[in-house]
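Letter by letter, the chains look like this.
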Amino acid sequence: MTLRTITVDLGDRSYPIFIGENLLTNPEYFLPYLAASQVLVVTNETIDPLYSKQLRQALAGVAKLDWVVLPDGEQFKTLETLNQIFDSLLTGKHNRKTTLVALGGGVIGDMTGFAAAAYQRGVNFIQVPTTLLSQVDSSVGGKTGVNHALGKNMIGAFYQPRSVIIDTQVLATLPDRELSAGLAEVIKYGLIADIQFLEWLELNLERLLARDSDALAYAIEVSCKTKAWVVSQDEHESGIRAILNLGHTFGHAIESSQGYGVWVHGEAVGAGMVMAADLSNRLGWIDHQFYRRVVNLIKAAGLPIAPPKNMTPEVFLSYMSVDKKVLDGSLRLVLLREPGKAVVTEDFPAELLQQTLMAF
Ligand code: NAD
Ligand code: GLY
């Protein structure tokens, strides 16, 4: 497989995304992106036995190399766990020239990025995403942070990595459930910005589910290109970047209300995108036939197409009211203005939202 390289264009903070096979063991993708010969790798108990040995090969030439292994799970994406990273940095006497390397999925990537943003007011960091979801979404764009009991990702910072190294071979060990979760974000890119990619996904979903390496690399590349383009337009989400949150307002309500980790992020986004498509259909922006295509694709990807039965409209609205897109008390949602085009809007009648919530 050939190496694919994409640049996130942010002026003097621009950085490369490398996509290929066997990158994890290769020093040439790591050493040029270190600030000095000092590294703390952050990973978790599941990934450590699978991939730390390979990464040690790439980092063998680093003079000061430390490792911290965190517990696995969304429920550990907290300030308390974050402190374990700071403890390791301080006990290991890491200075301002250290580099944090996030080896893991979105939970490890988001926490490591936030630790890098805060440690000594900001140190270098590299993303090595190991889930499909983190390869197509969370490792790119610099959103970092942790959860609070009252809301997901409520404490964090925008802080960009120095590079993103995507080794597609690590997907071989990913549980099926997590592969489907990643496909939710892949489908999102088709829905919000790229109708041709959506059509490609409809035709190639079986290959992706069978982990065909060429199909996966292509889907990761297209997804990262869209994400890189959106982030380079609007790094801090004052406008267009919010379209990347299609389905997320409904999805975050599901995740938060069920307890972190019960529904995985991608599953909640899958059901959330169906709800956003339902409301878009009620507004007359997409027709029923396109709505059915959305439902069928999400279902075929192995994702839920409805929220849990215990979620009443009141429960949804209480969680949705603390969404980061709420401005001056108005709820803003990402909806489909047409097939393959999303908008962020507060321009929808409350009774139509109520109808969507009742329908599920
Ligand atoms: P995750 O990090 O919890 O990983 C899912 C599971 O897969 C974990 O148990 C993990 O240990 C395991 N795993 C990871 N790689 C593996 C591999 N190669 N083989 C076997 N098992 C592996 O979940 P995720 O879906 O990667 O990320 C979800 C998180 O990302 C959420 O916290 C979400 O809020 C965040 N997120 C952030 C952004 C962003 O822009 N920063 C975007 C989307 C999602
Ligand atoms: N995952 C949404 C964003 O990065 O903006």
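Everything discussed here concerns the structure shown above.
Residues numbered from 1 in each chain as written. Chains lettered and ligands numbered in written order. Predicted model: local features only at pLDDT ≥ 70, side-chain atom pairs only at ≥ 80, totals over all residues. Heavy atoms only, no water.

As a matter of local geometry, ligand 1 sits amid 27 residues, with Asp 72, Glu 74, Thr 131, Lys 152 and Thr 173 nearest to it. The separation between an oxygen atom of ligand 1 and a polar side-chain atom of Glu 74 is 2.7 Å. The contact in question runs from an oxygen atom of ligand 1 to an N or O atom on the backbone of Gly 106, over 2.8 Å. For ligand 1, whose accessible area on its own is 860 Å², the fraction buried by protein is 91%. At the level of elements, α1 (48-58), α3 (106-118), α4 (132-138) and β8 (151-158) are the ones that each hand at least two residues to the shell around ligand 1. Taken together, the residues of the shell around ligand 1 break down into 8 nonpolar, 10 polar and 9 charged. (Near = heavy atom within 4 Å. Polar contact = N/O pair within 3.5 Å; in protein donor to acceptor, adjacent residues only side chain to side chain. Areas by Shrake-Rupley, 256 points an atom, 1.4 Å probe, with all protein chains shown as cover. Helix = DSSP H or I, 4+ residues; strand = E, 2+ residues; numbered from the N terminus. Nonpolar A, V, L, I, M, F, W, Y, C, P; charged D, E, K, R; others polar.)

The next subject is the sheet that holds strand β3 (residues 38-44). One open sheet holds the 7 strands; their spatial order is β1-β2-β9-β6-β5-β3-β4, and the pairing between them is mixed. Where the open sheet ends on each side, the last strands, each with one partner, are β1 (4-8) and β4 (64-70). When strand polarity is set aside, the average angle formed by the axes of neighbouring strands in this sheet is 15°. As paired strands, β3 and strand β5 (residues 99-104) are joined by 4 bridges and run parallel to one another. By the bridge assignment, Val 41 is partnered in β5 with Val 101. Along the sheet, helix α2 (residues 79-91) contacts β3, β4 and β5; its crossing angle with β4, the most-contacted strand, is approximately 160°. Strand contacts of α3: β3, β4, β5 and β6 (124-129), with the helix running at about 170° to β5, the strand carrying the most contacts. (Pairing = 2+ DSSP bridges. Axes fitted to C-alpha atoms, helices over the stretch in contact; angles between N-to-C directions. Contact = heavy atoms within 4.5 Å.)

In the neighbourhood of ligand 2, the contacting residues comprise Asp 137, Lys 143, Lys 227, Glu 237, Arg 241, Leu 244 and Asn 245. Within the side chain of Lys 143, one N or O atom sits 2.8 Å away from an oxygen atom of ligand 2. Separating an oxygen atom of ligand 2 from a side-chain N or O atom of Lys 227 is a distance of 2.5 Å. Surface burial for ligand 2 is 90%, taken as the share of its 200 Å² of free accessible area covered by protein chains.

Looking now at the side chain of Thr 345. With respect to the helices and strands, the residue Thr 345 is situated in strand β11 (residues 341-345). A residue is classified by how much of its surface remains accessible, and Thr 345, at 10% relative accessible area, is buried. Within the structure, the side chain of Thr 345 is placed 2.8 Å from the backbone nitrogen of Asp 347, a separation counted as a polar contact. Setting aside residues no more than four positions away along its own chain, Thr 345 makes contact with Trp 285, Leu 331, Arg 332, Leu 333 and Leu 335. (Buried < 20%, exposed > 50% of the residue type's maximum accessible area, 1.4 Å probe, protein only.)

As paired elements, strand β10 (residues 333-338) and β11 share 5 bridges and run antiparallel to each other. Opposite Leu 335, over in β11, you have Val 343 as the bridge partner. A loop of 2 residues connects β10 with β11, the two strands running antiparallel in sequence, and Gly 340 in this loop sits at a positive phi of about 80°.

One non-glycine residue, Lys 93, adopts positive backbone phi at about 55°. Within the fold, Lys 93 resides in the loop between α2 and β5. A positive phi angle, near 65°, is found at Arg 121, a position not held by glycine. Among the structural elements, Arg 121 can be located in the loop between α3 and β6. For Arg 121, a relative accessible area of 76% gives the class exposed.

Compared with the 30 Å implied by 1.5 Å per residue over 21 residues, the 30 Å span of helix α7 (residues 213-233) between its first and last C-alpha is a close match. The opening residue of α7, the one whose side-chain oxygen lies 3.0 Å from the backbone nitrogen of Asp 214, is Asp 212. (Expected span 1.5 Å × (residues − 1).)

Okay, the packing of aromatic side chains next. Across all of its chains, the model carries 7 aromatic pairs by this definition. Measuring from ring centre to ring centre gives 6.3 Å for Phe 250 and Phe 316, while their planes differ by 75°; the resulting arrangement is edge-to-face. Here the residue Phe 250 occupies a position in helix α8 (residues 248-258), and Phe 316 occupies one in helix α11 (residues 313-320), the gap between them amounting to 66 residues. You can call Phe 250 buried: its relative accessible area is 2%. Residue classification places Phe 316 among the buried positions, given a relative accessible area of 1%. Taken together, the aromatic side chains of Phe 18, Tyr 29 and Tyr 33 make up a single cluster linked through ring pairs. In this structure, Arg 56 is placed above the aromatic ring of Trp 67, and the distance from its NZ or CZ to the ring centre is 3.9 Å. One residue, Lys 188, lies across the ring of Tyr 189, its end atom 4.9 Å from the ring centre. (Phe/Tyr/Trp six-rings, centres within 6.5 Å; stacked < 30°, edge-to-face > 60°. Lys NZ or Arg CZ within 6 Å of the ring centre and 35° of its normal.)

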